[in-house]
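# What the coordinates show
The chain contents come next:
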Amino acid sequence: MASLICTLQHHQDDVNWCAFSAKLLATCSGDKTLRVYNTHDFAELPFSPLSGHGYSVHCCCFSTCGQFLASCSTDATIVVWSMVSGEIEAVLEHPGRSPVRICALSPDSTHLVSGASDGTLALWDFPSKQMRRTGAVADTTMVACSFSPCSQVFMTGSTYGDLRLWDLNMNQLLAEKNAHDLGVSCCSFAPSILTGGQVVRFHLASCGQDSLLKIWVINKFCFGAYKMQLLHTLSGQSAPVLSCAYSSDGLLLVSGSVDKTVAIYDAENAVLLYTLNQHGRYVTACAFSPTSPLIATGSMDKTVNIWRLEDGCSAHGGKSLPDESAQMSTEGRAPGGRSKLLVADWSEEDVSEWLVEEALGGLVDKFRANNIDGTELLSLTKETLASELNIESVGLRSKLLRKVEELKSDSVCSGIPDEFLCPITRELMKEPVIAADGYSYEREAIESWIHSKNRSSPMTNLPLLTTLLTPNHTLKMAIGRWKTSQNHTKD
């Protein structure tokens, strides 16, 4: 379930982009300004709005540490802002003085790419703010760009409809020339790096004027070649899709469309989970928070909506902002009336409480009418959900079955579930993070390993392509729920 928790209405023109850091949200607009908010309460920072561009601001992005914010504009510049003072740190002039439509920072904050309306690209050394390379695609406008999680390659998309992969020397590694009919709107790499044998894999989402959201797999082979293949085509929106973004764990995908909707997908299974309908005009921007279950969506209605994904916690009905400490304690709390350890022993009431906890409260009446207890819950299938319970939504059926599978795999009776243990220390994780090999580790343990083991993976022994670590919030919340259930069992 996704709940609208607040609407920001400070911009005076179309909202073109939204970007999160760990603690801040930045938005930019056709009104020539950027606005910066604290994500704890969404109060605007004292130095906001940021005024330095002469024309519409098309895109903005944070450095990984959140210390800097970069923005680009029709005025042909990229401005770098300090998030400590709000002051301008640097103004970078794109070659050719063409309107800059897109900018992207690498995950390691070493490089910045800018793309312009004349099809040109510029690669900048971000620490020194010096231009290193230029490139171009003729007769098109660059409108999309995303760095891979290893920071060594980046993808661009244009109004021509092509997706092109580049290295840091501005060499084209591959080109998918008909990725989206009528033009690409946005692209976004998934945060995880997948390894297997002699192949390294990345996932990429792209969207376009063809009203489609596509998920691609990009394979890098040991001899240096790249290959790109289409995995899924998602058609959950009825008009051109203007923006897309992955969650920090790569499990969810969000997109915004000309049909005024926001679509949230299960990225792994390519299933539409939710469609949100609160914007009055085209949805031009969307972004996931890297540190909390929040989504920001921007629109040509001049507003930014903040949504909270509620999965295992009580709904606030969009009436108040989330208190971070209260939110964590709610998500980690087992429902009051369900203290039995075995799901098979649950009563019908226990099942109802579980449905509410997992944000599936809309199914409570159906389950009660069919006398579904714990034993029957564990035996549910796609067929029984469709034919006997008459649950028509494929996304809802998939979510319910996924939650049931989580219950089945819960290892409460046999000690700590293995996936909750750090592969290095074999201890219960407190701050799980995802490394470049795709595995989750305790932050302190993997940081120590990287510093002492020449950056090899503890699980595969292959080199880690990057030392960037991504917090695994989904796993941390699951561990919290398991610990709480253990405490209730002891009581």
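As the structure is a prediction and not an experimental result, all values here were calculated from the model. Throughout, a residue's number is its position along its own chain's written sequence, starting from 1. With the structure being a predicted model, the display of local features is reserved for residues of pLDDT at least 70 and the display and counting of side-chain atom pairs for 80 or more, all residues being used for whole-chain, interface and lining totals. Each side-chain value is worked out from all heavy atoms of the structure, with water and hydrogens disregarded.

## Details of the overall build of the chain
In DSSP terms, a helix is any run of H or I states spanning at least four residues, a strand is any run of E spanning at least two, and both are numbered starting from the N terminus. If you tally the helices and strands in the chain, you get eight helices and 32 strands. Between buried and exposed lies partly exposed: a residue is buried under 20% and exposed over 50% of the maximum accessible area for its type, with that area taken using a 1.4 Å probe on protein chains only. In the chain, which comprises 491 residues, the proportion classed as buried is 55%. Pairs at least 24 residues apart make up 46% of the contacts formed inside the chain by residues separated by at least 6 positions. Surface accessibility follows the Shrake-Rupley procedure with a 1.4 Å probe radius. Residue values consider only the protein chains on display as shielding. A total accessible area of about 20,700 Å² is found for the chain, and carbon and sulfur atoms account for 48% of it. Contacts were defined at the residue level, with two residues in contact if any of their heavy atoms lie within 4.5 Å.

## Here's the deal with the sheet that holds strand E15 (residues 153–158)
Here, strands pair whenever DSSP counts at least two bridges between them. The four strands lie next to each other as E14-E15-E16-E17, forming an open sheet whose pairing is antiparallel. With one partner strand each, in any of the chains shown, strand E14 (142–147) and strand E17 (172–176) form the two edges of the open sheet. Strand-to-strand twist in this sheet, taken as the mean axis angle between neighbours without regard to direction, amounts to 20°. Orientation is described by axes fitted as lines to C-alpha atoms, over the contacting stretch for helices, and by angles from 0 to 180 degrees between their N-to-C directions.

## Comments concerning the pattern of salt bridges
Every case where a carboxyl oxygen of Asp or Glu lies within 4 Å of a side-chain nitrogen of Lys or Arg is listed as a salt bridge. For the coordinates displayed, the defined rule picks out eight salt bridges. Here arginine 402 ties to aspartate 266 by a salt bridge, and the two come within 3.1 Å at their closest N and O atoms. Here arginine 402, found in helix H6 (residues 394–409), pairs with aspartate 266, found in strand E25 (residues 262–266); they are 136 residues apart in sequence, far enough to count as distant. Judged by relative accessible area, aspartate 266 falls into the buried class, the value being 6%. We note a salt bridge from arginine 443 to glutamate 447, for which the minimum N-O separation is 3.5 Å. Linking arginine 443 with glutamate 447, this pair stays in helix H7 (residues 443–452), spanning four residues, or about one helical turn.

## A look at helix H2 (residues 348–357)
Along an α-helix, a turn takes 3.6 residues, which lines up residues three or four apart on a common side. Those residues of H2 that fall on the buried side of the exposure criterion are Asp350, Val351, Ser352, Trp354, Leu355 and Glu357. Directly beyond the C-terminal end of H2, a positive phi value near 60° is found at alanine 359.

## Notes on the packing of aromatic side chains
Any two of the Phe, Tyr and Trp rings considered here, Trp counted by its six-membered ring, make a pair once their centres fall within 6.5 Å; the pair's planes then place it as stacked at under 30 degrees, edge-to-face at over 60, or tilted in between. Tallied over the entire structure, the rule returns five aromatic pairs. Summarising the aromatic geometry, the rings of phenylalanine 154 and tryptophan 166 are spaced 6.5 Å apart at their centres and angled 10° between planes, so their arrangement reads as stacked. Here tryptophan 166 lies in strand E16 (residues 163–167) and phenylalanine 154 lies in strand E15, a separation of twelve residues in the sequence. Accessibility classification places phenylalanine 154 together with tryptophan 166 in one group, the buried group. Between phenylalanine 189 and phenylalanine 202, the aromatic rings sit 6.1 Å apart at their centres with planes inclined by 80°, giving edge-to-face as the arrangement. Of the two residues, phenylalanine 189 sits in strand E18 (residues 184–189) while phenylalanine 202 sits in strand E20 (residues 199–208), which places them 13 residues apart along the sequence. The ring centre of phenylalanine 68 lies 5.4 Å from the NZ or CZ of lysine 129, which sits over that ring. Lysine and arginine charges are scored as sitting over a ring when NZ or CZ, respectively, is within 6 Å of the ring centre and within 35 degrees of the ring normal. Geometry around phenylalanine 126 places lysine 129 over its ring, the cationic atom sitting 4.5 Å from the centre.

## What about the state of the cysteines?
By disulfide we mean two sulfur atoms from cysteines, separated by a distance within 2.5 Å. Enumeration over the complete set of coordinates arrives at zero disulfides. The thiol of cysteine 72 is unpaired, and the distance to the nearest cysteine sulfur, on cysteine 103, comes to 3.7 Å. Cysteine 186 forms no disulfide, and the closest cysteine sulfur to it belongs to cysteine 244, at a distance of 4.1 Å.

## Digging into the sheet that holds strand E8 (residues 77–82)
Strand order in the open sheet formed by four strands is E6-E7-E8-E9, with antiparallel pairing between adjacent strands. The two strands at the open ends of the sheet, each matched to only one other strand, are strand E6 (57–62) and strand E9 (88–93). Averaged over all neighbouring strand pairs, the angle between strand axes comes to 20°, with direction disregarded. With five bridges connecting them, E6 and strand E7 (residues 68–73) associate as antiparallel partners.

## Digging into the environment of leucine 182
Mapping leucine 182 onto the fold places it in the loop between E17 and E18. Of the residues examined, leucine 182 reaches a relative accessible area of 63% and is grouped as exposed. Distance in space between the C-alpha atoms of leucine 182 and glycine 161 is 5.9 Å, their sequence separation being 21 residues.

## Quick look at the nonpolar core
Counting 34 residues, the largest nonpolar core has Met155, Leu163, Leu165, Leu204, Ile218 and Met228 as the members making the most contacts within it. Throughout, nonpolar core names a set of buried Ala, Val, Leu, Ile, Met, Phe, Trp, Tyr and Cys residues whose side chains join them through atoms within 4.5 Å. Phe68, Cys103, Leu112 and Phe147 belong to the second-largest nonpolar core, a separate cluster that totals 29 residues.

## A look at unusual backbone geometry
In this chain, serine 48 is followed by proline 49 through a cis amide linkage whose omega measures 5°. Looking at where proline 49 falls in the secondary structure, it is placed in the loop between strand E4 (33–38) and strand E5 (50–51). Although it is not a glycine, lysine 32 adopts a positive phi angle of roughly 80°. Summarising the element assignment, lysine 32 is placed in the loop between strand E3 (24–29) and E4. When its relative accessible area of 41% is taken as the criterion, lysine 32 is described as partly exposed. Of note in this structure, asparagine 390 is not a glycine but carries a positive phi near 55°. Mapped onto the secondary structure, asparagine 390 falls in the loop between helix H5 (382–387) and H6.

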